[in-house]
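Chain and residue survey
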Amino acid sequence: MKRNWLVCAPVLVALMPAVALADDPKDPAMRSSAARARDREIIRQLNLRELAQVQERDARYAEGWREWRASERDGLAADYSARSRAYDRDRADYAQERARYERQMAAWRRAVDACRAGDYSACD
């Protein structure tokens, strides 16, 4: 078990993200208020640039989702109407098959009654 940890440790260390270290509060370059203001402005500009990129990306995603939803609605409507037509066709087929079955059963019953009544030609 210890050997596994020794093998995995370098892999884990390589995969761990680097720890983000904050500015050193004792950094001599940041002692003046002008340097801190300049640093704050640089960070603000970086954040604004990143915000613009994220908003642009999200707008592209939103457009893609809108297109997908519209295509899904169109596809679902077409699929529903196709299934509805197939259902109506199946019901009509069932009604025809049922009527044919009822006619055949009525003919069979008449033949059985005739056979029992002595008409032996109806027994086939």
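One structure accompanies this document, and this report is about it. (Residues numbered from 1 in each chain as written. Predicted model: local features only at pLDDT ≥ 70, side-chain atom pairs only at ≥ 80, totals over all residues. Heavy atoms only, no water.)

**A look at the overall build of the protein**
On a plain count of helices and strands, the protein comes out with 2 helices and 0 strands. The 124 residues of the protein split such that 1% are buried. Of the roughly 11,600 Å² that the protein leaves accessible, carbon and sulfur atoms contribute 58%. (Helix = DSSP H or I, 4+ residues; strand = E, 2+ residues; numbered from the N terminus. Buried < 20%, exposed > 50% of the residue type's maximum accessible area, 1.4 Å probe, protein only. Areas by Shrake-Rupley, 256 points an atom, 1.4 Å probe, with all protein chains shown as cover.)

**Considerations on a nonpolar patch on the surface**
A cluster of nonpolar side chains, namely Y61, W65 and W68, defines an oily patch on the protein surface of about 400 Å² accessible area. Among the secondary structure elements, Y61 is positioned in helix α2 (residues 33–116). (Patch = residues over 30% accessible without salt bridge, like charges linked within 9 Å, V, L, I, M, F, W, Y side chains within 5 Å. Salt bridge = Lys/Arg side-chain N within 4 Å of Asp/Glu carboxyl O.)

**Quick notes on the packing of aromatic side chains**
Following the criterion strictly, the structure yields 1 aromatic pair and no others. Consider the rings of W65 and W68, whose centres lie 5.5 Å apart with planes at 90°: the pair is edge-to-face. Here W65 and its partner W68 are both found in helix α2, 3 residues apart, which amounts to about one turn of the helix. The exposure class of W65 is partly exposed, given its relative accessible area of 48%. Judged by its relative accessible area of 45%, W68 falls in the partly exposed class. (Phe/Tyr/Trp six-rings, centres within 6.5 Å; stacked < 30°, edge-to-face > 60°.)

**Digging into the state of the cysteines**
This model, assessed by the stated rule, comprises 1 disulfide. One disulfide bridge connects C115 with C123, the sulfur atoms lying 1.7 Å from each other. Judged by the sign of its S-S torsion, about 95°, the cystine formed by C115 and C123 is right-handed. (Disulfide = S-S within 2.5 Å.)

**A look at α2**
With 84 residues, α2 should reach 124 Å at 1.5 Å per residue; the first-to-last C-alpha distance of 117 Å fits that figure. Following α2 by one or two positions, G118 adopts a phi angle in the positive range, close to 110°. (Expected span 1.5 Å × (residues − 1).)

**Remarks on the pattern of salt bridges**
Here the structure, examined in full by the defined rule, presents 6 salt bridges. Close ionic contact of E102 with R98 constitutes a salt bridge, the shortest N to O distance being 3.0 Å. Residue E102 and its partner R98 are located together in helix α2, separated by 4 residues, close to a single helical turn.

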